[in-house]
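Residue-level structure breakdown
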Amino acid sequence: MKMAATLFRLTLFFILFFIVQSRLYASPPPTIQHPLPLLFSVVDYGAIGDGRRYDTAAIQAAIDACHSAGGGHVRFPPGTYLTATVYIKSGVYLVVEEGAKILGGTKLEDYPAERRRWYVVLAENATDVGITGGGVIDGHGMKFVKIFREAKNVMVSWNETGACLGDECRPRLVGFLGSRNIRVWNIHLNEPAYWCLHLVRCDNTSIHDVSIYGDFNTPNNDGIDIEASNNTVITRCNVNTGDDSICPKTTYGPLYNLTVTNCWIRSRSSAIKLGSGSSYDFKGLVFDNITIYDSHRGLGMQIRDGGDVSDVTFSNMNIQTRYYDPVLWWGRAEPIYITTCPRSPNSTEGSRDGHLSNLKFQNVNFTYRRWTNFPDGLVDYRPGCRGLVKHSPAGIIMEHIDDLELGNVNMIWSDVIQNKRWNNPLDFLPSTVNNISFLNFRSESDSQ
């Protein structure tokens, strides 16, 4: 009897087991529903979008409502939205749709009292924020030109009002200050009056598929300035500016883990420049698969304030430089320019030369060509330092480096027979550059 009861229970167990299993496999897996982000249209909050009347209050009201609801998307439908400074808050993404433009104001009263907060769009101490949508954010930069000149425009400077000092007193376009988890993608940033996209003390930033355009005759309209910010990735961007295009700085703190890939760059200054603000260290920077076209300088390091630079790799680079102006723009069309020296003889911050270590150039192609009749024979150390120094030009100028690796580097010299002084591949002092490795390094004339 006991054995029969046991067999009955085992049979019932297996029947129930197979029934459950068959239902599990027969039923589709449960789907996880991801709620769509909340949408807040600036039009619903009173924005007009005619490009003449200010929409600042309506834009800020939509952002504030989105933030209060726990975050979401603030939508800009087609139109032109003239605005003073607006503030992105945590959890908020601006979606500037195709056909829509955020247009920055041109009056001093459009911006906060503190110069450090002069931006058209600003996020401060925010988390999980971003900008996208396929539209345009425009800084109205040409309205800040006082005198149009082919060599270099003369710009409006608000220092005449006493608001700030110097000749660079104009508003930036987009700024993220002290913020985390930032994403900027699929957006056009046009005509900044001053710097375009600015990160300060930020962490975990992704910038991709962004187009940046600044007037080629306008000074100080940098493309992307990364200051004291860590874990930043920039990829698939087109940056076309009058001043430096991608510019890491360490004025306010160290900078770690910056990756820039698959970008096209054109600059009337430096396409890529470390510094000159360099009070703290740079470490772990990678620049890969980048085309630099018609730039006054290619890759530059201007270390002026004593910070050290280590673990930097430039790979798969195609660089074409040209000489635009002998005085008004820093540089002499150097494809690679590495200098480190105190900003001034009396500077306490830059009292020593910054030191560079573990620097790599891999799969880099240069073409050197005489474009103009400008005089040569000068090395440009500006800003500060030694100014203009009489010295023959070279393909790569470098100093104060320990562990330099050059692999698969090709230098092509055009018309070198006619320009005897323009044929020096490398320029450095053995006392300041140590442990150099060459692998497949070529330097030759295209006249051969």
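Our structure's up above, just so we're on the same page.
Here's what I pulled together on the structure shown here. Source: prediction; values computed, not measured.

So, how was this worked out
Residues numbered from 1 in each chain as written. Predicted model: local features only at pLDDT ≥ 70, side-chain atom pairs only at ≥ 80, totals over all residues. Heavy atoms only, no water. Salt bridge = Lys/Arg side-chain N within 4 Å of Asp/Glu carboxyl O. Helix = DSSP H or I, 4+ residues; strand = E, 2+ residues; numbered from the N terminus. Buried < 20%, exposed > 50% of the residue type's maximum accessible area, 1.4 Å probe, protein only. Core = buried A, V, L, I, M, F, W, Y, C linked by side-chain atoms within 4.5 Å. Contact = heavy atoms within 4.5 Å. Pairing = 2+ DSSP bridges. Phe/Tyr/Trp six-rings, centres within 6.5 Å; stacked < 30°, edge-to-face > 60°.

Comments concerning the pattern of salt bridges
Per the stated rule, a full pass over the model turns up 14 salt bridges. Taking the shortest distance from any N to any O, the salt bridge between R75 and E97 comes out at 2.4 Å. Here R75 is found in strand β3 (residues 72–76), whereas its partner E97 is found in the loop between β6 (92–96) and β7 (100–104), with 22 residues between them in sequence. Judged by its relative accessible area of 30%, R75 falls in the partly exposed class. A salt bridge links R117 to E124, with the shortest nitrogen-to-oxygen separation between them at 3.0 Å. On the basis of relative accessibility, which here comes to 18%, the residue R117 falls in the buried class. In this structure, a network of salt bridges that share partners links the residues E114, R116, R117 and E124.

A few points about the nonpolar core
Grouped together as the largest cluster of nonpolar side chains are 93 residues, with contacts concentrated most on F176 and F361. Not counting the four nearest positions on each side in its chain, F176 is found in contact with A123, V129, I131, I182, V184, L197, H198, L199, V200 and C202. Counting residues in hydrophobic clusters, the runner-up holds six residues, among them C341, V379, Y381 and C385.

Some points on the pairing of strand β15 (residues 197–200)
Here β15 shows two buried faces, one formed by L197 and L199 and the other by H198 and V200. Across four bridges, the pairing between β15 and strand β17 (residues 224–227) is parallel. In the sheet register, L197 faces β17, and the bridge partner there is I224.

Describing the environment of L177
Following the sequence through the fold, L177 ends up in strand β13 (residues 172–177). Residue class for L177 comes out buried when judged on its relative accessible area of 11%. In this structure, the C-alpha to C-alpha distance between L177 and R201, residues 24 residues apart in sequence, is 6.2 Å. With sequence-adjacent residues up to four places away left out, L177 is seen in contact with R116, Y119, L122, A123, E124, N125, V200 and C202.

Considering the packing of aromatic side chains
For the structure on display, the rule yields ten aromatic pairs. For the ring pair F76 and Y81, a centre distance of 5.5 Å and an interplane angle of 80 degrees mean the geometry is edge-to-face. Centroid distance F144 to W158: 5.6 Å. Interplanar angle 55 degrees. Geometry classified as tilted. You can see F144 sitting in the loop between β10 (136–138) and β11 (145–147) and its partner W158 sitting in the loop between β12 (154–155) and β13, a full 14 residues away along the chain. The burial state of F144 is the same as that of W158; both residues are buried. These aromatic residues form a ring-pair network of at least three members: Y111, W118, F144 and W158.

Regarding the environment of L404
By the element assignment, L404 lies in strand β31 (residues 401–413). Taking the relative accessible area as the measure of exposure, L404 reaches 2% and is therefore buried. Along the sequence, L404 and N434 sit 30 residues apart, while their C-alpha atoms lie 7.5 Å from each other.

Topic: the pairing of strand β21 (residues 255–267)
Taken residue by residue, a regular strand's side chains alternate between the two faces of the sheet. In terms of strand pairing, strand β18 (residues 230–235) meets β21 through four bridges, oriented parallel. Residue pairing across strands places V233 opposite T259, the latter belonging to β21. Judged from the four bridges that link them, strand β19 (residues 238–241) and β21 form a sheet pairing that is parallel. Residue pairing in the sheet places T241 in a bridge with S267 of β21. In this sheet, strand β23 (residues 282–295) lies alongside β21 in parallel orientation, the contact comprising nine bridges. Looking at the pairing, Y256 lines up with K283 of β23.

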